Amino acid sequence: MTLPIIILAAGTSSRMRGADKMLEDVDGIPLIRRQAEMALSVSAQIYVTVPPKPHARHPALAGLNVICVEVPDAADGMSVSMRAGIAALPAGTKSAMILLGDLPEVTTHDLRQVIDAKSQNPENLIWRGATQGGKAGHPIIFDQALFAEIATLSGDAGGQSVIQNHAGRVHLVPLPDNHARMDLDTPEEWALWRKTR
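Notes on the structure follow. Numbers given for residues are sequential positions, taken from 1 along each chain in its written order. Given that this is a predicted model, residues contribute local features only at a pLDDT of at least 70 and side-chain atom pairs are listed and counted only at 80 or more, while totals for whole chains, interfaces and linings are drawn from all residues. The side-chain values count all of the structure's non-hydrogen atoms but skip hydrogen atoms and water molecules.

1. Re the pattern of salt bridges
Note that side chains of opposite charge can pair when their charged atoms are close.
1) Next: Just to be clear on terms, a salt bridge is a Lys or Arg side-chain nitrogen sitting within 4 Å of an Asp or Glu carboxyl oxygen. If you walk through the whole model with that rule in mind, you get 8 salt bridges.
2) Next: The salt bridge partner of E24 is R194, with a shortest N-O separation of 3.0 Å. Of this pair, E24 sits in the loop between β1 (5-8) and β2 (25-26) while R194 sits in helix α7 (residues 187-196); the two residues are 170 residues apart in sequence, bridging distant segments of the chain.
3) Next: The class for R194 is partly exposed, based on a relative accessible area of 36%.
4) Next: Each of the salt bridges in this network shares a partner with another, and the network as a whole consists of R15, K21, D102 and D185. Only runs of H or I of at least four residues qualify as helices and only runs of E of at least two qualify as strands under DSSP, and these elements are numbered from the N terminus. Relative accessibility decides the category of a residue: with a 1.4 Å probe and only protein chains considered, values under 20% of the type maximum give buried, values over 50% give exposed, and everything between is partly exposed.

Below you can see the structure in the form of structure tokens.
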């Protein structure tokens, strides 16, 4: 079975002061579409958590072979989107990758690196991208043994409690530069990123 990828893109962009970071232009297309196209290049099973229709993120994904998982209560925190994404997976799914929608520097190669690390280090339960210096980041693959625990999450900490509970079975995968941690939450951060690309 192809490893499913869940793109978390249901958040409210509350720090963007009216703009939508998931619709910011990256390489000529909206960020959310860029993430989905990238994920499709390595997996045939892509789930994107999004706000309910009508919302501009839906047309931004038009024509792509992805499953949109509507999350009406996404404002309650990232954990809500994670729970919704995991719940949408087919029965029997062995593992799944969580990819934050707002990481504009993550590449197809990065996704493959983390996927390869899973097959090369099967004794672990969590495989996650990191900086060259070892700071943990994204994307993250969770084994199915953790799905029930993810289903109980709440708040905006995402899967951090699950990761902490299984710290001895986490495999970090160094990715280039700051790919694993570069998220942009404000108009100023987007402007600086574009200036320094």
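So, next bit.
2. What about the environment of V114?
1) Next: When you line up the elements, V114 lands in helix α4 (residues 108-120).
2) Next: On a C-alpha basis, the gap between V114 and G155 in space is 26 Å, while along the polypeptide they are 41 residues apart.
3) Next: Contact partners of V114, with chain neighbours within four places excluded, come to M97, W127, R128, G129, P139, I141 and V173. Here a residue-residue contact requires only that any non-hydrogen atoms of the pair lie within 4.5 Å.

3. Section: the packing of aromatic side chains
1) Next: Aromatic rings from Phe, Tyr and Trp, taking only the six-membered ring of Trp, are treated as a pair when their centres fall within 6.5 Å; an angle between ring planes under 30 degrees marks them as stacked, one over 60 as edge-to-face, and anything in between as tilted. A complete count under the given rule lists 1 aromatic pair for this structure.
2) Next: Judged by centre distance (5.6 Å) and plane angle (85°), the rings of W190 and W193 are edge-to-face. Taken together, the positions of W190 and W193, both in helix α7 and 3 residues apart, correspond to about one turn of that helix.
3) Next: For W190, a relative accessible area of 1% translates into the label buried.
4) Next: We classify W193 as buried; its relative accessible area is 5%.
5) Next: When the NZ atom of lysine or the CZ atom of arginine is within 6 Å of a ring's centre and also within 35 degrees of its normal, the charge is said to sit over that ring. Directly above the ring of W127 sits K118, whose terminal nitrogen or CZ lies 5.2 Å from the centroid.

4. Quick notes on the environment of I141
1) Next: By the secondary structure assignment, I141 is in strand β8 (residues 136-143).
2) Next: Between the alpha carbons of I141 and L125 there is a distance of 8.1 Å; along the sequence they are 16 residues apart.
3) Next: Once residues within four sequence positions are removed from consideration, I141 is found in contact with L3, S95, A96, M97, V114, I115, K118, L125, I126 and W127.

5. Concerning the sheet that holds β1
1) Next: Ordered by their spatial adjacency, 7 strands build an open sheet running β5-β4-β1-β6-β8-β7-β9, and the pairing between neighbours is mixed. On the outer flanks of this sheet lie β5 (67-70) and β9 (170-174), each paired with one strand and no other. For this sheet, the mean inter-axis angle between neighbouring strands, taken without regard to orientation, is 25°.
2) Next: At least two bridges found by DSSP between two strands are what make those strands a pair. With 5 bridges connecting them, strand β7 (residues 126-130) and β9 associate as parallel partners. Residue pairing for β9: I126 is matched across the bridge by V170.
3) Next: Running at roughly 150° to β1, helix α3 (residues 78-87) makes contact with β1, β4 (46-50), β5, β6 (95-100) and β8 of the sheet. Every axis in this analysis is a line fitted to C-alpha atoms, fitted for helices over the stretch in contact. Angles between the N-to-C directions lie between 0 and 180 degrees.

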